Amino acid sequence: MNRAVLVAAALVAGTALAQERAIPLSELKSGSAFLGADLLSLQKDEFANPGMLWVERGEKLWSVLAGTKKLSCASCHEDAKSSMRGVAARYPQIDAESGKLVNLEGRINLCRGRRMGAEPLRYESEEMLGITAYVARQSRGLPIGVSIAGPARSHFDAGEAAYRLRRGQMNLSCVHCHEANWGKRLLSETISQGQPNAYPAYRMEWQTMGSLERRLRACLSGIRAEMLPYGSPEYLDLELYLAWRAQGLPIETPGVRR
Amino acid sequence: MAARIQVPAQAKRGEIVEIRVLIQHPMETGYRHDDVGHLIKRNVINVLSCRYNGVEVFRADLSSGIAANPYVQFYTVAEASGELEFTWIDDEGKQGTERQSIQVGP
C-alpha cells in the first residue's frame, strides 16, 4: 500500500519535473544572446554601461534617510553587497504579511510604507529605477529561481494564462513571438525569447533605464493591445511566470537592450 | 547631472592615458514634439572640456546628433601629478563639474 503511494508520488513528481521547464535549459537564451557585438560589449563594460548611472544613484539612495521614522534602506539591511545578494533572483514572491504577490518594486514600496513611514516611489521614477537597479545588481550572475509553490501557484497559473492569451488588434499572445518564433527575424530585429533577467535595463529605444513592466507595456503597444497600469496584478502574475520560465538564467542587471 | 569619470590613478611621465566620461543627460534633440504637438526645446550638453592642471587638453562641441547619456573617451599625455577638471554646460545653462586626481611618477 505504502509502496503504491510512493510509486504514485514518484510518478507525479516525475511528471511535474518534466513540466519544470517551458524551454529546455540547453536552449534557454538571455536577451543578450540576441544582441549585436556593440551592445553586448557596452553591457559588459563596467564603466561605459549607461545603466551604471542608475546603479550609482541607487547606491547613494540606499543610505538616504526617509519617512517619518527617519530610516534608510541601510538602517536595516546594512551593506547591500551582502544583504541583497541573490534577493532579486527570487522575485516576484509572496509577501508573507499580506499574502499578496509582490515584485521588487512592490517590496521596496512595502518596506518604505511599513518600516520607514515613507511615501511609495513611483514606477519609472529615477529613484525607483535607481534602487531596483542597485538591488538587482547585487545578484548579477546568480541564476533566477522563484517559488511557484503554495500561495504562489494560483498567481503562476494566472501568469501562464496571461502569457498564452491572444490580445490586441493583432490577436497575438506572448507565445507567438517568444516561444514559436524566437531566433527568427522581425523586420531588422531578431526575436528574443522574452527573458526578464536583465531588468531594469537600459534600452536604446528609450534612451534611458526602464523596468520590466515598461518593457511589457512596449510589447503590448506593439501588438496594439491595451496597456495596463503599472503594478497591476496581471503584470505581477505574468512577471512570476516569466521568472519561472527563465529559471537558471543569470541576472544581468543593468542590462543593455535594443 | 550625475557623471562617471575614469582617470588612471597613477601613470608614468610621458605615458598616454585613456580618459572616459559618461554623463547622465537627456540630450533632447529639439526635433521632437510632445503629446499635444508642441516642439520640445533643444537641450543638449553643448560643450564638454577637460583641463589638466589648468591647461585645456580636450574640448568637444556636442549637438543634436549625440545620444542621451553621452559617453566620451579621449587620451592625454601624463605630464605631472595633479588634477583633471571636467566641465560641461547644457543649453539650459546648467553646468556640471567633476575633478579627478592623477599621480605621475618617473
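Further up the page is the structure itself.
Quick summary incoming for the structure in this document. Just so we're clear, the structure is a prediction, and the values are computed from it rather than from any experiment.

To continue, consider the sheet that holds strand S5 (residues 55-61) of chain B. Residue and element names in this part refer to chain B. Pairing is mixed across the open sheet formed by 5 strands, whose spatial order is S2-S8-S7-S4-S5. A strand with exactly one partner marks an edge of an open sheet, and here the two such strands are strand S2 (10-12) and S5. Shown here is a sheet whose adjacent strand axes are inclined to one another by a mean of 25 degrees, direction ignored. Of the strand pairs in this sheet, strand S7 (residues 82-90) and strand S8 (residues 95-105) are connected by 8 bridges, and their pairing is antiparallel. Bridging from a neighbouring strand, glutamate 85 pairs with arginine 99 of S8.

Our next topic: the interface of chain A and chain B. Listed per partner, the contact involves 9 residues of chain A and 10 residues of chain B. Considering every element that reaches the side of chain A that touches chain B, the biggest residue donor is helix H3 (residues 52-61) of chain A, with 4 residues. For the side of chain A that touches chain B, the per-class residue count stands at 5 nonpolar, 2 polar and 2 charged.

For the rest of this paragraph, the subject is unusual backbone geometry. Residue and element names in this part refer to chain A. A cis amide bond links tyrosine 91 with the next residue in sequence, proline 92, at an omega value of 0 degrees. The omega torsion of the bond from threonine 253 to proline 254 falls at -5 degrees, within 30 degrees of zero and hence cis. Examined against the element boundaries, proline 254 turns out to sit in the loop between helix H11 (233-245) and strand S7 (255-257). With a phi close to 50 degrees, glutamate 78 is a non-glycine residue in the positive phi region. Mapped onto the fold, glutamate 78 is located in the loop between helix H4 (73-77) and helix H5 (80-83). In this structure glutamate 78 comes out as partly exposed when scored by C-beta crowding, with 13 C-beta atoms within 10 Å. Positive phi values are uncommon outside glycine, yet arginine 224 reaches one of about 55 degrees. Structurally, the position occupied by arginine 224 is in the loop between helix H10 (212-222) and H11.

Within a beta sheet, neighbouring strands are joined by backbone hydrogen bonds and run either parallel or antiparallel to one another. Residue and element names in this part refer to chain A. Pairing in this open sheet of 3 strands is mixed, and the strands run S6-S5-S7 from one edge to the other. In this open sheet, the two edge strands, each paired with only one partner strand, are strand S6 (208-210) and S7. The mean angle between the axes of side-by-side strands here comes to 35 degrees, regardless of whether they run parallel or antiparallel. Here strand S5 (residues 201-203) pairs with S7 via 3 bridges, running parallel. What sits directly across from alanine 201, in S7, is glycine 255.

What counts as what
- Think of each chain on its own: its residues are numbered from 1, step by step along the sequence as written.
- Labels follow written order: the first chain is A, the first ligand is 1, and so on.
- Confidence filtering applies because this is a predicted model: local features only for residues at pLDDT of at least 70, side-chain atom pairs given and counted only at 80 or more, and all residues used for totals across whole chains, interfaces and linings.
- One requirement defines pairing of two strands: DSSP has to find at least two bridges between them.
- Secondary structure follows DSSP: runs of H or I at least 4 residues long count as helices, runs of E at least 2 residues long count as strands, and numbering of each begins at the N terminus.
- To get an axis, a line is fitted to the C-alpha atoms, and for a helix only the part in contact is used. The angle between two axes follows their N-to-C directions and goes from 0 to 180 degrees.
- Throughout, a residue-residue contact means that the two C-beta atoms, derived from backbone geometry, are no farther apart than 7 Å.
- Only Asp, Glu, Lys and Arg are considered charged, only Ala, Val, Leu, Ile, Met, Phe, Trp, Tyr, Cys and Pro nonpolar, and every remaining residue, Gly among them, polar.
- Put simply, a residue is buried when 20 or more other C-beta atoms lie within 10 Å of its own C-beta and exposed when 12 or fewer do; between those, it is partly exposed, and each C-beta is set from the backbone.

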